[in-house]
Amino acid sequence: MTGPILILGGTGEARALAARLVADDADVVSSLAGRVQNPRLPDGEVRIGGFGGIDGLVAWLREHRPAAVVDATHPFARQISANAVAATDAAGVPLLRLLRPAWVPRRDDRWTTVADIDEAAKAVGAAGAARVLLTTGRQDAGAFARLRSPWFLIRVVDPPTGPLPPRHEVLRSRGPYGLDDERELLRDNEIDVLVTKNSGGELTRAKLDAARELSVPVVMVARPAETASRIVATVDEAVAWLKSAGRSDAG
């Protein structure tokens, strides 16, 4: 490969990939959207802030001429992933999507899977939930603002944006979370519904294990459809693809 590798990051997988590549003396630029205060920074060069849509990303790609782009953003970062597909197509840059596997319900799970956050709010209302643990992120709490009966424990890294349910408490914390702590959180707060997104991965899986043990129903927001044509599930696969792309360029 001749140019830098651009990693669209913000996830644990993105940081792990950057560390692997930097250790191999690769030229890496990690881009963070800047939506999280005090983010965990990856190894290598880091840029923070958006590109300015598809046109801005195309301009950056043409100026910096990266050898490849790896979209390792969150599974629900729909807009940047769509922009990455369009921009790399326009600029003629190879694109890889690094996407952790989704969670799959187990035999004793009590999941209701919904298409989006608005459907999740409807499911909570229909269930007649009294006490809800909401772990969908700071930008989604507003979808539940019209629900006046349930009490919400809203767990976020940064303060939530927009309107909030009238009965709520905000719990600011950052994972990973252990099973014992998640079990205690559900019990101490008498949670009768957990609402989350199907982010996948191990860092926040413990809440699902605790909900299964305690027979707490889960409203699970399904992932948006992916538009990238090349998708891998692990950092090892991403590194192998990048090495293969480099050999193809050399040949």
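Scroll up to find the structure this text is about.
Every value quoted in this text rests on a predicted model; they were computed, and no experiment measured them. (Residues numbered from 1 in each chain as written. Predicted model: local features only at pLDDT ≥ 70, side-chain atom pairs only at ≥ 80, totals over all residues. Heavy atoms only, no water.)

## Observations concerning the overall build of the protein chain
Here is step 1: Within the protein chain one finds seven helices and twelve strands.
Here is step 2: Scaling as 2.2 N^0.38, a compact globule of 251 residues should have a C-alpha radius of gyration of about 18 Å, and the protein chain matches this with 20 Å.
Here is step 3: Expressed along its principal axes, the backbone C-alpha trace of the protein chain runs to roughly 60 × 35 × 30 Å.
Here is step 4: A buried classification covers 48% of the 251 residues belonging to the protein chain.
Here is step 5: The contacts in the protein chain between residues at least 6 apart in sequence include a share of 64% that link residues at least 24 apart.
Here is step 6: Taken as a whole, the protein chain presents about 12,300 Å² of accessible surface, with 47% of it coming from carbon and sulfur.
Here is step 7: One finds the centroid of the 32 positive side-chain charges in the protein chain at a distance of 3 Å from the centroid of its 32 negative side-chain charges. (Helix = DSSP H or I, 4+ residues; strand = E, 2+ residues; numbered from the N terminus. Rg over C-alpha atoms; globule rule 2.2 N^0.38 Å. Buried < 20%, exposed > 50% of the residue type's maximum accessible area, 1.4 Å probe, protein only. Contact = heavy atoms within 4.5 Å. Areas by Shrake-Rupley, 256 points an atom, 1.4 Å probe, with all protein chains shown as cover. Lys, Arg positive; Asp, Glu negative; His and termini not counted. Charge placed at Lys NZ, Arg CZ, Asp CG, Glu CD.)

## Looking at the packing of helix H5 (residues 179–188) against helix H6 (residues 206–213)
Describing two packed helices takes the angle between their axes plus the distance from one axis to the other.
Here is step 1: For the pair H5 and H6, the least separation of the axes is 8 Å and the interaxial angle reads 55°. Classed by the angle they form, the pair H5 and H6 counts as oblique. Classified by chirality, the crossing of H6 by H5 is right-handed. When H5 is examined against H6, the residues Leu-179, Glu-182, Arg-183 and Leu-186 are found in contact with a partner set consisting of Ala-206, Lys-207, Asp-209, Ala-210, Ala-211 and Glu-213.
Here is step 2: Of the residues assigned to the contact of H5 with H6, the class counts are five nonpolar, no polar and five charged. (Axes fitted to C-alpha atoms, helices over the stretch in contact; angles between N-to-C directions. Parallel < 35°, antiparallel > 145°, perpendicular 65-115°, else oblique. Left-handed = near helix turned anticlockwise from the far one by under 90°. Nonpolar A, V, L, I, M, F, W, Y, C, P; charged D, E, K, R; others polar.)

## Quick word on the side chain of Thr-136
Here is step 1: The residue Thr-136 is located in the loop between strand S7 (131–135) and strand S8 (151–156) in this model.
Here is step 2: Among residues more than four places away in sequence, those in contact with Thr-136 are Ile-117, Val-195, Thr-196 and Lys-197.

In short, geometric facts, not functional conclusions.
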